[in-house]
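In case you want the letters, here they are:
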Amino acid sequence: MKKLFLFIILAGMGILSVAQQEDTNYLHVVEKKGFKQKAAFIPSAIHNNYDLIYHRVYWKLDPSIKAISGSVASHFKTLSDDFSSVHFDLSVALTVDSVWYKNETTSFTHTSDILTINLPDPLSQNTIDSVTVFYHGVPPESGFGSFEASTHGGVPVLWTLSEPYGAKEWWPCKQTLTDKIDSIDIYVETPLQYRAASNGKLVSETVNGDLKTAYWKHRHAITTYLVAVAVTNYESYADYAQVSETQTVEILNYVYPESKSSAEIATKYTVGVMELFSSLFIPYPFADEKYGHAQFGWGGGMEHQTMSFMGGFSSSLITHELAHQWFGDYVTCASWQDIWVNEGFAVFCEALVQEHLNPNYFLQWKKDRIQLVLSQARSGSVFVEDTTNVDRIFSYPLTYQKGGLILHQLRHQIGDEAFFSGIKNLLTDAETADGFASATQIKSFFENAADTNLSSYFNNWYYGQGYPIYTINWLQETDGAVSVSIKQTTTHSSVTFFPMQVPILFKGANQDSLMVFHNLENSQSYSFNLDFEVSEIVFDPEYTLIAPHPAQIILNISEDVLNESIIIAPNPTNERLYIKSKGVKIKLVNLIDNSGRQVFTQLYPDNPSRIHLDMTNIPFGFYYVRVETDKGVVVKTMVRNP
Ligand SMILES: [Zn+2]
C-alpha cells in the first residue's frame, strides 16, 4: 500500500522515473526474500519415476487463521516398471490424515518432508493412476514465507508464494523444474465474506450456508511453484486486451476495496503492455482463460500463472510480472542456474515497454541500467554457478540487470529480425513452449534464427564475467580518408576480448554517418572515406553496448598537421631556443647531436604550450630537436651558432 501511494504522488509531480526505479528494486528484494529461507532445500530425484498429469485440490482457508486443510488428488503416469510407491514433497509440519487409492485408504510414511505412498500392487510402466491425500496443519512459520496471513485495513488476508521451494510447505506436490502439471482444478472454500483468487478461469463461486467455494480451472501446463491462492474481501473488475485479430483477453483484477479506485486507473496500463508483448512475441499464452492481478501484502510482485500477485500497481511492476507470463511461466527456467530465463527476460521486456510506450524515457532507462551494471557487475556471471548462494541467484546487478542488458545488446548484435524470430521459436517450439528452457537451448534458437554461431557471445557475456572498456583512435586526412582503431581492455580476466559490433557516429557540420565496425580483434584498424569533414565521433550513440559511455576518444592528426603543430625559433640560435605547440600537448623534448648522442632531455608533465631552452651550455653545431606530443613525435633540425 505504501508503494502504491508513493508511486501516485511521484507520478503526479512528474518524477515518474524515481518511483519506477524504486519499485523495481523493491520487487527484486521481495523475490529474493521469497527464496532465501528455503535455500537449504535440495530438489529430490525421488519422484522422477512418474509424470505428474493433473491435480484436483480442495482447500479450506479462513484468512483470519493461518492454517490449511483439504485434499489433493494427483493423477500420474508411471515412467518405470515395478512402480510400487508415489512420492510427494510435503513439510512434516503438516499432518497427513489419510491417503486414498482406488476408493480405499492405503499406507504411507511421512519423514524428511517426503510423503511416500505405498501402492498395494506394483504398476507397470506407462500406467495412468491416481492417489488422493487428505491433510491439515499450520504451514511452517517464516518471515516472508510461502503461506502468509496478514491484514489490510483491519481485514484478514492470506496468500501463498511458493517460488522456488515453498510449495511443499502448504501442499503435497512434486516440487521440481523438470515436470509441469498438465492441468489443475482448484476449489477453495472460505467464509462467505471472502473471495479466493487463483490460477486459470473462474468457473463458479458457490454459496453454501455461511461458506463460499470458488472453483478455478486451469488447462495449461503449470510449474508447481506457480500454483497459488490468495483470500480476502476482494472486489473485482476487468479490463480487456486485444491480443490478436480474433482474441480478447480478460484482465481480471482482485483488489482490496480501499484500493479499488486507484487500482482501476493504474491497472489500465496492463492493456497496452499485453498488446505490445502479444505483437512482439506470441499472443498472450493463456488467452483462452485470463490474465489477472490479485493484490497481496507485499510491495513487490509474484508472477503466478494467469494471476500475478501484486503489492502495488506501478507501471514497472505491472510490466515485469506480465512479462513473466511468457518468460518464467509459459517457458520456465530449466534450473535455478538459468534463472536468467525468467528474470533477465523480464527486465529486457521492461526495455521494450520503454522503447514502445515511453520512448522519451528510453535512452535514460538504458543509461541508468548500463551504469548500474558497470558499477556493480565488474565481475560475476549472469549464469549462476552456485545455487546454494541465494544472494547470487537473485543478484540484482547480475541476474536481473546484466541479464536483461545482454539480451538488449544481443538484439543489436544480430538484428531485430533474427532476434525476435529466435524468441518466437523459443515460445513455439515443442521442446520449450509450455515447458522449460535452458540458456543452452535459448542460445540455439538465436543461432538458428541469426544463422550464426553465438558461442563466443554466450561464453563471454553469459558464462564469462565483466565487460569491455573501449578506446577509439581516429583520424581524418584532408582528402576525406578516415582511419579508426578500436581498442578494449576488460574488467575481468575470464574474458580477454569481447568480439562485438561497435557502432560509431561520425558527425559533421551538416551531415552525420553511423557506421558499425565488426571488431574481432584488439586494436583492429579500419580505413574508409567520408565525403564530409568530421568534427567529432560518438561511441555507441544509442547505448546498445554494455561498456562505459562515452568511450575514450583520441583524435589523431596527419603527419603534415603534426609537423606544423610544433614551431622552434629562432633557428639558427645562439643563447635561447623557443618551442611552441599548436593543438597538441608537449610531453617530452630531446636534443640529439649529429653523432646521435642525446645532449638534453626533459619531461613536461604539465604539457606547456611554450618552452624556452637555455642553449648557453650546448656545444655549437647541428642538432635534432625531438618533441613527443600526445598526437605523436615531431622531429625538427636546428643549428646552434656561436
Ligand atoms: Zn521477476
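Above this text you will find the structure in question.
This write-up is about the structure you can find in this document. Keep in mind it's a predicted model, so treat the numbers as computed, not measured.

1. Focus on a nonpolar patch on the surface
Next, step 1: Taken together, F622, Y624, V633 and V635 make up a surface patch of nonpolar side chains, about 310 Å² in accessible area.
Next, step 2: Secondary-structure elements contributing two or more residues to the nonpolar patch are β35 (621-629) and β36 (632-640).
Next, step 3: Position of Y624 relative to the elements: it lies in strand β35.
Next, step 4: Using a relative accessible area of 34% as the deciding quantity, one classes Y624 as partly exposed.

2. Notes on the packing of helix α6 (residues 340-357) against helix α9 (residues 396-414)
Next, step 1: Look at α6 against α9: their axes get within 7 Å of each other, and the N-to-C directions meet at 60°. Viewed along their axes, α6 and α9 adopt a mutual orientation that is oblique. Relative to α9, α6 is oriented so that their crossing is right-handed. On the side of α6, the interface is formed by W340, E343, G344, F345, V347, F348, L352 and E355, while α9 contributes T399, Y400, Q401, G403, G404, I406, L407, H408 and R411.
Next, step 2: Split by residue class, the contact of α6 with α9 holds eight nonpolar, six polar and three charged.

3. A closer look at the packing of aromatic side chains
Given two aromatic rings, one states the distance between the centres and the angle between the planes to describe the pair.
Next, step 1: As enumerated under the stated definition, the model contains 48 aromatic pairs in all.
Next, step 2: Between Y225 and W336, the aromatic rings sit 5.5 Å apart at their centres with planes inclined by 50°, giving tilted as the arrangement. With Y225 in the loop between β14 (211-218) and β15 (229-232) and W336 in the loop between β21 (332-333) and α6, this residue pair connects regions lying 111 residues apart in the sequence.
Next, step 3: By relative accessible area, which is 6% here, W336 ends up buried.
Next, step 4: A ring pair is formed by Y457 and W461, whose centres lie 6.3 Å apart and whose planes are at 35°; its orientation type is tilted. Linking Y457 with W461, this pair stays in helix α12 (residues 455-463), spanning four residues, or about one helical turn.
Next, step 5: Y457 sits in the buried class, given a relative accessible area of 9%.
Next, step 6: The ring of Y50 has K174 lying over it, and the distance from NZ or CZ to the ring centre is 4.5 Å.
Next, step 7: Positioned above the aromatic ring of F436 is the side chain of K180, whose terminal nitrogen or guanidinium carbon lies 5.3 Å from the ring centre.

Rules behind the numbers
- Residues numbered from 1 in each chain as written.
- Predicted model: local features only at pLDDT ≥ 70, side-chain atom pairs only at ≥ 80, totals over all residues.
- Heavy atoms only, no water.
- Patch = residues over 30% accessible without salt bridge, like charges linked within 9 Å, V, L, I, M, F, W, Y side chains within 5 Å.
- Areas by Shrake-Rupley, 256 points an atom, 1.4 Å probe, with all protein chains shown as cover.
- Salt bridge = Lys/Arg side-chain N within 4 Å of Asp/Glu carboxyl O.
- Helix = DSSP H or I, 4+ residues; strand = E, 2+ residues; numbered from the N terminus.
- Buried < 20%, exposed > 50% of the residue type's maximum accessible area, 1.4 Å probe, protein only.
- Axes fitted to C-alpha atoms, helices over the stretch in contact; angles between N-to-C directions.
- Parallel < 35°, antiparallel > 145°, perpendicular 65-115°, else oblique.
- Left-handed = near helix turned anticlockwise from the far one by under 90°.
- Contact = heavy atoms within 4.5 Å.
- Nonpolar A, V, L, I, M, F, W, Y, C, P; charged D, E, K, R; others polar.
- Phe/Tyr/Trp six-rings, centres within 6.5 Å; stacked < 30°, edge-to-face > 60°.
- Lys NZ or Arg CZ within 6 Å of the ring centre and 35° of its normal.

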